[in-house]
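Chain and residue survey
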Amino acid sequence: MRGFCFVLAISWLGLWLTPDQQGQRLMSRGQFAEAAKRFDDPLRQGVAWYRAGEFEKATQAFSRVSSPESKFNLGNAWLMLGKYDQAIASYDEALETRPAWKAAQENRDLAAARAKLIHGTGGDLGDQREGADKVVFDQDKPPGGQETEVAGAQAMSDAAIQSIWLRQVQTNPADFLKAKFAYQQADGEAGDEK
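One structure accompanies this document, and this report is about it. (Residues numbered from 1 in each chain as written. Predicted model: local features only at pLDDT ≥ 70, side-chain atom pairs only at ≥ 80, totals over all residues. Heavy atoms only, no water.)

**Observations concerning the pattern of salt bridges**
Applying the stated rule across the entire model yields five salt bridges. When the shortest N-O distance is used, the salt bridge between Glu34 and Arg38 registers 3.8 Å. Here Arg38 and Glu34 lie together in helix α3 (residues 32-38), a separation of four residues that amounts to about one turn. (Salt bridge = Lys/Arg side-chain N within 4 Å of Asp/Glu carboxyl O. Helix = DSSP H or I, 4+ residues; strand = E, 2+ residues; numbered from the N terminus.)

**Overview of the packing of helix α4 (residues 42-51) against helix α6 (residues 68-81)**
Contact pair α4 / α6: the axes reach a minimum separation of 11 Å and the direction vectors enclose 25°. In terms of their interaxial angle, α4 and α6 are classed as roughly parallel. Handedness of the crossing formed by α4 with α6: left-handed. Of the residues in α6, those in contact with Leu43, Val47 and Tyr50 of α4 are Ser70, Asn73, Asn76, Ala77 and Met80. Considering only residue class, the contact of α4 with α6 consists of five nonpolar, three polar and no charged. (Axes fitted to C-alpha atoms, helices over the stretch in contact; angles between N-to-C directions. Parallel < 35°, antiparallel > 145°, perpendicular 65-115°, else oblique. Left-handed = near helix turned anticlockwise from the far one by under 90°. Contact = heavy atoms within 4.5 Å. Nonpolar A, V, L, I, M, F, W, Y, C, P; charged D, E, K, R; others polar.)

**Remarks on the environment of Leu81**
Relative to the assigned elements, Leu81 resides in helix α6. A C-alpha to C-alpha distance of 6.6 Å links Leu81 and Phe55, two positions 26 residues apart in sequence. Not counting chain neighbours up to four residues away, the residues in contact with Leu81 comprise Phe55, Glu56 and Thr59.

Structure, rendered in C-alpha cells:
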C-alpha cells in the first residue's frame, strides 16, 4: 500500500509540475542522472549530466545551446573527458561573447597547459624528437626472455598496483577543481616572485 501511495504521489506531482520543475526537485535531492532525464532545458540537463559524472552526455546537452554559459560548461565537460583541444575551442567561443570572463580564461589556460603536457613539444631539441637511430638485435643471445626475481618485500600485488593507479586518476569534478585551484595558486605565487 505504501509503494502505491508513493507512485500515486509522483503521478500527482507530474500533473502539476513541469519537467524542468521535476528535474529541479531531483537535483536538490542529489539524484542528478534521474534529473537529467526529466529536464527539457538542455542547459539544465547538461548540468545534471555533468554532476552525475556523465561527461559525454553533458557535452551532447551543452552542444544544443549557443549561449556563453553553455560553451563554458561544454569546455568543462570536454576538459573532464581529457579532450583538451575541444575544451580550448569551447572556452574560446565563450570568450568571444564575454571577453572579460575570468573563469573561462583560467579554465582555457588550464586546458592549454594540459594539452601541452600531453602533446609534448621537443623541448631543447626544438621540433625534433629524440629516438633510436636504428634497432639492432643481438644474434648471440639465447632465445627467450630474461629471468627476473623480486624479493618478497618488494613485490606488490595487482590489487595494490591498481589501487595506486586509481588514486592518481582524476574522474570527478572535485578533483578537477582541486587541480584548478592548485594551478591558480601556483600561478599566483609565480607572479608574486617576478
